[in-house]
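Per-entry structural report
So the chains spell out like this:
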Amino acid sequence: MIGKKIEEAFNKQLNAELSSAYIYLSMSAYFDSLNLGGMAKWMQMQAQEETDHAMKFFSNIQERGGRVVLDKIDSPKMEWSSPKDAFEDAYKHECKVSKLIHELVELASDENDHAAHAFLQWFVTEQVEEEDTVLTIVERFKMAGDFPGAIFMLDRELGMRAAGAH
Ligand code: FEO
């Protein structure tokens, strides 16, 4: 049986994962408005991953006899000063999510909830990957500078992201 504190914290994280999906969908729409279809697709897939993360919390709360409570999702930002700026925001966002996951792990320890602790380990590993993937893209933008050819190449490359891949 899930404890009240973990149930509440997991519901909050479920909301945070859905908010992440919303943020990445907004970034996808921004890239589409710039005709950067590859980046738009990459962000759409990222949004799908976030929805998958949310569903992991959704199922876990229910499997442990808890009650899912869906809170409102804030409107995401819609414009960025450049494609690089959007990916930098995505990186900052992932660092924030990592912090949230680490706080959940600490709560699970404090509550002596071994099941929650075990469940969260997948997210701890996932966040290392997520941060690394986005930071690599930010670094690529830095290398590309303002050279349109390089941005075009990066757009093509990001558009080749396959389902389930980072
Ligand atoms: Fe669900 Fe990108 O963290």
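Look up: the structure comes first, before these words.
Because the structure is predicted, anything quoted here is derived from the model rather than measured. (Residues numbered from 1 in each chain as written. Predicted model: local features only at pLDDT ≥ 70, side-chain atom pairs only at ≥ 80, totals over all residues. Heavy atoms only, no water.)

So, on to the overall build of the protein. The helix and strand inventory of the protein stands at five helices and zero strands. Reading the protein from its N terminus to its C terminus gives the helix and strand order α-α-α-α-α. Seen through its C-alpha atoms, the protein measures out along the principal axes to roughly 55 × 25 × 25 Å. Scored against the burial criterion, the 166 residues of the protein give a buried share of 45%. Of the contacts made within the protein by residues no fewer than 6 positions apart, 80% connect residues no fewer than 24 positions apart. Put simply, the protein shows about 9200 Å² of open surface, and 56% of that area lies on carbon and sulfur atoms. The average position of the 17 basic charges and that of the 29 acidic charges among the side chains of the protein differ by 2 Å. (Helix = DSSP H or I, 4+ residues; strand = E, 2+ residues; numbered from the N terminus. Buried < 20%, exposed > 50% of the residue type's maximum accessible area, 1.4 Å probe, protein only. Contact = heavy atoms within 4.5 Å. Areas by Shrake-Rupley, 256 points an atom, 1.4 Å probe, with all protein chains shown as cover. Lys, Arg positive; Asp, Glu negative; His and termini not counted. Charge placed at Lys NZ, Arg CZ, Asp CG, Glu CD.)

This part is about the environment of Lys41. Mapped onto the elements, Lys41 comes out in helix 2 (residues 37-63). Residue Lys41 is classed as partly exposed on the basis of its relative accessible area, which comes to 38%. Taking C-alpha positions, Lys41 is 9.6 Å from Leu25, a pair spaced 16 residues apart along the chain. Apart from the residues within four sequence positions on either side, Lys41 is in contact with Gly159 and Arg161. Within polar-contact distance, the side chain of Lys41 engages the backbone oxygen of Gly159 at 2.9 Å. (Polar contact = N/O pair within 3.5 Å; in protein donor to acceptor, adjacent residues only side chain to side chain.)

Right, let's get into the pattern of salt bridges. Tallied over the full model, the rule gives eleven salt bridges. A salt bridge links Asp89 to Lys92, with the shortest nitrogen-to-oxygen separation between them at 3.9 Å. Residue Asp89 and its partner Lys92 are both found in helix 3 (residues 83-110); the two are separated by three residues, about one turn of the helix. When salt bridges with common partners are traced through the structure, they connect Lys77, Asp89 and Lys92 into a single cluster. (Salt bridge = Lys/Arg side-chain N within 4 Å of Asp/Glu carboxyl O.)

To continue, consider the packing of aromatic side chains. Within the structure shown, the criterion is met by eleven aromatic pairs. Three or more aromatic residues joined by ring pairs make a cluster, and in this case those are Tyr30, Phe31, Trp42, Trp80, Phe87 and Phe141. Stacked on the ring of Trp122, the Lys or Arg Lys56 has its end atom at 4.2 Å from the ring centre. Note that Arg161 overlies the ring of Trp42, its terminal NZ or CZ placed 4.4 Å from the centroid. (Phe/Tyr/Trp six-rings, centres within 6.5 Å; stacked < 30°, edge-to-face > 60°. Lys NZ or Arg CZ within 6 Å of the ring centre and 35° of its normal.)

Formed by 23 residues in total, the largest nonpolar core has its most connected members in Phe31, Met39, Met43 and Phe87. The set of elements that each furnish at least two residues to this core consists of helix 1 (4-33), helix 2, helix 3, helix 4 (114-144) and helix 5 (148-158). Apart from the residues within four sequence positions on either side, Phe31 is in contact with Leu36, Met39, Ala40, Met43, Pro83, Ala86 and Phe87. Ala9, Leu14, Val68 and Val105 belong to the second-largest nonpolar core, a separate cluster that totals 18 residues. (Core = buried A, V, L, I, M, F, W, Y, C linked by side-chain atoms within 4.5 Å.)

Here we come to the layout of surface pockets. One number sums up the size of the largest pocket: a volume of about 320 Å³. When residues of the lining of the largest pocket are traced back to their parent elements, those giving at least two are helix 1 and helix 3. Its residues assigned to classes, the lining of the largest pocket shows six nonpolar, five polar and six charged. Reported here for the second largest pocket is a volume of approximately 210 Å³. Elements supplying a minimum of two residues to the lining of the second largest pocket: helix 1 and helix 3. A per-element tally of the lining of the second largest pocket places helix 1 first, with six residues. (1 Å grid on protein atoms, 1.4 Å probe; cavity = no way out; pocket = protein on both sides within 12 Å on 5 of 7 lines; lining within 4 Å. Points joined across faces, edges and corners; volume = space filled by probe spheres on them. Nonpolar A, V, L, I, M, F, W, Y, C, P; charged D, E, K, R; others polar.)

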